[in-house]
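# Results of the structural survey
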Amino acid sequence: MAPLSLMAAGVNILTKSFGLFSSASLARCSCAFTAAKPFSTSAGGPPKRPLTGYMRFVQEQRPQVIRQHPDVKAMEVIKKVAERWRLLTPEQKRPFEQAALADRNQYKVTLERYKAQLTPAQSEALIEEQRQRRAKRKAIKKKRELTSLGKPKRPRLPFNIFMSEHFEEARGVTVSAKLKSLQDDWRNLSIMQKQVYVQLAEDDKVRYKNEMKAWEEHMVEIGRQDLIRRKERTARKTTKAGKKRSKSKVTKPKKAAAKKKPTAAAAKKKTTTTKVVKKTTRSTKKA
């Protein structure tokens, strides 16, 4: 911890000399350095990933914002903290980023030490867990992107429509209890009663199909063909290829049919016929 205290003292000296920070920024800088703690691992688990410079700033500023605005919702608190971060200069952000860098270097050392004591089976399990986490983060990121681009919601099933209509009046206090009672009610419905929700689901399928068609056409216009469904992408490529082929076809004038060369059998037959005619002519002359 001695180097950290020296670094904090150095920040104080620089501040007094050059006046780069305000008094409030000084407090933030000191907290950014002194808050660095050794990493602790959970029981038998890998070390926790270190916080980024921004997240260190959020941890520091969030209690202050809550004290100043006690009636503000959690999302608004984060927005206010983010706004404060954007207003900081690069010099004011540097202490948080340097502290995060020190934590990240320490994390790498601790992680390598942790991996060295694992068995091959445990190493494989750790790799698989990391792969699943990456896949989950990627799926969440893609879902957010599609939502921001206005992708239509998938069509609902008949039971989902029934559940959305009767959820508030369902029996039970907890969500799971309400769902169970709705499932029982759905099973007790007659075929004619269910048919209403089946028809609504079919109408919702038509809605989804039309909205998806318009949405994918818009994605093509803005250059996001990668978001189009695979089947639709293949159909579009096939249609474009057919159009190109039809354009490239040029009607050529038909060539006059070439005279067929007589085959060997036909030539032999013709020669034989000629000989027979000549013999007949000679015999007629002698007579």
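For the structure given in this document, a descriptive report is provided here.

Cut-offs applied
- Residues numbered from 1 in each chain as written.
- Predicted model: local features only at pLDDT ≥ 70, side-chain atom pairs only at ≥ 80, totals over all residues.
- Heavy atoms only, no water.
- Helix = DSSP H or I, 4+ residues; strand = E, 2+ residues; numbered from the N terminus.
- Buried < 20%, exposed > 50% of the residue type's maximum accessible area, 1.4 Å probe, protein only.
- Areas by Shrake-Rupley, 256 points an atom, 1.4 Å probe, with all protein chains shown as cover.
- Phe/Tyr/Trp six-rings, centres within 6.5 Å; stacked < 30°, edge-to-face > 60°.
- Axes fitted to C-alpha atoms, helices over the stretch in contact; angles between N-to-C directions.
- Parallel < 35°, antiparallel > 145°, perpendicular 65-115°, else oblique.
- Left-handed = near helix turned anticlockwise from the far one by under 90°.
- Contact = heavy atoms within 4.5 Å.
- Nonpolar A, V, L, I, M, F, W, Y, C, P; charged D, E, K, R; others polar.
- Salt bridge = Lys/Arg side-chain N within 4 Å of Asp/Glu carboxyl O.
- Polar contact = N/O pair within 3.5 Å; in protein donor to acceptor, adjacent residues only side chain to side chain.
- Expected span 1.5 Å × (residues − 1).
- Arc of directions from axis to C-beta.
- Patch = residues over 30% accessible without salt bridge, like charges linked within 9 Å, V, L, I, M, F, W, Y side chains within 5 Å.
- Lys, Arg positive; Asp, Glu negative; His and termini not counted.
- Charge placed at Lys NZ, Arg CZ, Asp CG, Glu CD.

## So, the overall build of the chain
Across its full length, the chain holds 11 helices and zero strands. Reading the helices (α) and strands (β) of the chain from amino to carboxyl end gives α-α-α-α-α-α-α-α-α-α-α. Sorting the 287 residues of the chain into buried and exposed places 21% on the buried side. Surface exposure of the chain reaches about 22900 Å², of which carbon and sulfur atoms provide 58%.

## Some thoughts on the packing of aromatic side chains
Enumeration over the complete set of coordinates arrives at nine aromatic pairs. Between F57 and W85, the aromatic rings sit 5.2 Å apart at their centres with planes inclined by 55°, giving tilted as the arrangement. Of the two residues, F57 sits in helix α3 (residues 53-68) while W85 sits in helix α4 (residues 74-87), which places them 28 residues apart along the sequence. Looking at W85, the relative accessible area reads 11%, which means it is buried.

## Regarding the packing of α3 against helix α5 (residues 90-116)
Contact geometry for α3 and α5: axes closest at 8 Å, N-to-C directions at 115°. Taken together, the axes of α3 and α5 are roughly perpendicular relative to one another. Seen from above, α3 lies across α5 with right-handed handedness. Residues G53, R56, F57 and E60 of α3 lie in contact with α5, whose contacting residues are F96, E97, A99, A100 and D103. A class-by-class count of the residues in the contact of α3 with α5 yields four nonpolar, one polar and four charged.

## A short note on the pattern of salt bridges
Tallying each qualifying case throughout the model produces 15 salt bridges. Close ionic contact of R224 with E145 constitutes a salt bridge, the shortest N to O distance being 3.0 Å. Within this pair, whereas R224 is found in the loop between α9 (191-221) and α10 (230-248), its partner E145 is found in helix α6 (residues 120-148), the two being separated by 79 residues in sequence. Between R156 and D204 there is a salt bridge whose closest N-O contact spans 4.0 Å.

## Re the packing of helix α7 (residues 158-166) against α9
Direction vectors running N to C along α7 and α9 enclose 110°, while the axes themselves pass 8 Å from each other. As far as their axial angle goes, α9 and α7 are roughly perpendicular. On α9, the residues touching P158, I161, F162, E165 and H166 of α7 are Y197, V198, L200 and A201. Classifying every residue of the contact of α7 with α9 by side-chain character gives seven nonpolar, one polar and one charged.

## Some thoughts on the side chain of S181
Locating S181 in the fold gives a position in helix α8 (residues 175-188). Residue classification places S181 among the buried residues on the basis of a relative accessible area of 5%. At 2.7 Å, the side chain of S181 forms a polar contact with the backbone oxygen of K178. When near neighbours in sequence (up to four residues on either side) are disregarded, S181 contacts A170 and R171.

## Let's talk about α8
Between its terminal C-alpha atoms α8 stretches 20 Å, which fits the 20 Å expected from 14 residues at 1.5 Å a residue. All of the buried residues along α8 are K178, S181, L182 and W186. Buried residues of α8 fall within an arc of 140° about the axis and therefore sit on the same side. Residues of α8 that are exposed and angled more than 90 degrees away from the buried face: S176, K180, R187 and N188. The secondary structure elements touched by the buried residues of α8 are α7 and α9.

## A word on α7
Every buried residue of α7 is accounted for by P158, F159, I161 and F162. Summarising the axial view, the buried residues of α7 lie within an arc of 160°, below the 170-degree limit, and thus occupy one face.

## Considerations on a positive patch on the surface
Together, K138, K142, K151 and R154 make up a region of like positive charge exposed at the surface. For K151, the location among the structural elements is in the loop between α6 and α7.

## Some thoughts on the environment of Y208
Residue placement: Y208 occurs in helix α9. The spacing of Y208 and K151 is 57 residues in sequence and 10.0 Å in space, taken between C-alpha atoms. Sequence-distant contacts of Y208, defined by excluding residues within four places in its chain, comprise P152, K153, R154, P155 and R229.

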